[in-house]
Amino acid sequence: LLAVPMIAVGVAIRATSTGPALYRQTRIGLGGQPFTMFKFRTMVANADALRDDLLDANENDGMMFKLRDDPRVTRVGRLLRRTSLDELPQLINVVLGQMSLVGPRPPLPVEVADYGALEHRRLLVRPGMTGLWQVSGRSTLTWDETLRLDLRYIDNWTFATDLQMLWRTVNVVIRGTGAY
């Protein structure tokens, strides 16, 4: 069902910028185990190498790096991020058992290196494609707000909560709320 849109997204990425359509990045999952997370590439091909040059411009507090107008994001990438289509390849990670549909976002190894005991609790569950953080503000949240929401999810998990998060995610994605 998703093959045709995913092929179309891949073609659009390749037609408008150099480099692969699929982006692979090491993330940390359940129990602190590293895995390769898949996304559609929304930035220039050498974006990781340019990150250090932009650290002083970080608009997020705490351990996450976010820029509202990140110069590394391509034109097609802005559209993919606003519509969350860049996240579709993470369904591969879900099928492989590395991610869940709902849960905390999988952190980067460099972020986990700075974790304290409280932050390490995020690694007690399988990371997710969506979660309380996404339906509560996404990129507009502070690190403390994101952490608080992730821990609330972990401490109060139910199957019904996951279904509610999936339903709320559809609404947030349709509106494009907090995505950049």
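For the structure, see preceding data.
Residues numbered from 1 in each chain as written. Predicted model: local features only at pLDDT ≥ 70, side-chain atom pairs only at ≥ 80, totals over all residues. Heavy atoms only, no water.

J.: When you look at the nonpolar core in this model, what are you seeing that I'm missing?
T.: A general tendency of soluble globular proteins is for nonpolar side chains to be buried together. Counting residues in hydrophobic clusters, the biggest one holds 17 residues, and the most contacted among them are Val112, Tyr115, Leu123, Leu132, Val135, Tyr153 and Met165. For this core, the elements supplying multiple residues, two or more each, are helix H7 (132-135), helix H8 (143-155) and helix H9 (159-175). Ranked by the residues each element gives to this core, the list is headed by H8, at 6 residues. Setting aside anything within four residues of it in sequence, one finds Leu132 in contact with Leu149, Arg152, Tyr153, Met165 and Arg168. (Core = buried A, V, L, I, M, F, W, Y, C linked by side-chain atoms within 4.5 Å. Buried < 20%, exposed > 50% of the residue type's maximum accessible area, 1.4 Å probe, protein only. Helix = DSSP H or I, 4+ residues; strand = E, 2+ residues; numbered from the N terminus. Contact = heavy atoms within 4.5 Å.)

J.: Hey, could you run me through the pattern of salt bridges in this one?
T.: Side chains that differ in charge, positive against negative, can pair when their charged atoms come close. Here the structure, examined in full by the defined rule, presents 6 salt bridges. One salt bridge in this structure joins Glu87 and Arg105, with 3.5 Å as the shortest N-O distance. Remark: Arg105 occurs in the loop between strand S3 (100-102) and helix H5 (109-112) and Glu87 occurs in the loop between helix H3 (75-83) and helix H4 (90-95); sequence separation between them is 18 residues. Ionic pairing is found between Arg121 and Asp155, a salt bridge with its closest N-O pair at 2.3 Å. Of the two residues, Arg121 sits in the loop between helix H6 (117-120) and strand S4 (128-130) while Asp155 sits in helix H8, which places them 34 residues apart along the sequence. Because the salt bridges share partners, they merge into one network encompassing Lys39, Asp86, Glu87 and Arg105. (Salt bridge = Lys/Arg side-chain N within 4 Å of Asp/Glu carboxyl O.)

J.: Could you clarify how one ought to interpret unusual backbone geometry in this entry?
T.: A negative phi holds for most residues other than glycine; trans holds for most peptide bonds. Phi angles above zero are rare outside glycine, and Ser84 is one such case at about 65 degrees. Mapped onto the elements of the fold, Ser84 is located in the loop between H3 and H4.

J.: Mind showing me how you'd approach helix H1 (residues 3-16) here?
T.: For H1, which comprises 14 residues, the first-to-last C-alpha distance of 20 Å matches the rise-based estimate of 20 Å (1.5 Å per residue) to within 8%. Elements that come into contact with the buried residues of H1 comprise strand S2 (34-40) and H3. (Expected span 1.5 Å × (residues − 1).)

J.: I tried to follow the side chain of Thr42 on my own but got confused; where do I start?
T.: For Thr42, the location among the structural elements is in the loop between S2 and helix H2 (47-54). Here Arg81 takes part through its side chain, which lies 2.9 Å from a polar atom of the side chain of Thr42. If sequence neighbours within four positions are ignored, Thr42 has contacts with Arg72, Val73, Thr74, Gly77, Leu80, Arg81 and Asp86. (Polar contact = N/O pair within 3.5 Å; in protein donor to acceptor, adjacent residues only side chain to side chain.)

J.: Would you mind going over the side chain of Glu87 with me for this structure?
T.: Judged by relative accessible area, Glu87 falls into the buried class, the value being 17%. Residue contacts for Glu87: discarding those within four places in its chain leaves Lys39, Arg105 and Met129.

J.: Help me understand H3, please; the structure alone is not making it clear to me.
T.: An α-helical turn contains 3.6 residues, so any two residues separated by three or four positions project in the same direction. Among all positions in H3, only Val76, Gly77, Leu80 and Arg81 are buried. One face of H3 carries all of its buried residues, which in axial projection span an arc of 135 degrees. Directly beyond the C-terminal end of H3, a positive phi value near 65 degrees is found at Ser84. (Arc of directions from axis to C-beta.)

J.: What should I look at first to understand a nonpolar patch on the surface in this one?
T.: On the surface, Trp157, Phe159 and Leu163 cluster together into a nonpolar patch covering about 350 Å² of accessible area. What makes Trp157 partly exposed here is its relative accessible area of 46%. (Patch = residues over 30% accessible without salt bridge, like charges linked within 9 Å, V, L, I, M, F, W, Y side chains within 5 Å. Areas by Shrake-Rupley, 256 points an atom, 1.4 Å probe, with all protein chains shown as cover.)

J.: What's the story with the pairing of strand S1 (residues 22-28) in this structure? I'm lost.
T.: Regular strands place side chains that alternate from one sheet face to the opposite one. With 7 bridges joining them, S1 and S2 adopt antiparallel strand pairing. By the bridge assignment, Ile28 is partnered in S2 with Pro34. Taken together, S1 and the strand that follows it, S2, pair antiparallel across an intervening segment of 5 residues, in which Gly31 is found at a positive phi of about 70 degrees. (Pairing = 2+ DSSP bridges.)

Everything listed is a geometric property; what it means functionally is a separate question.
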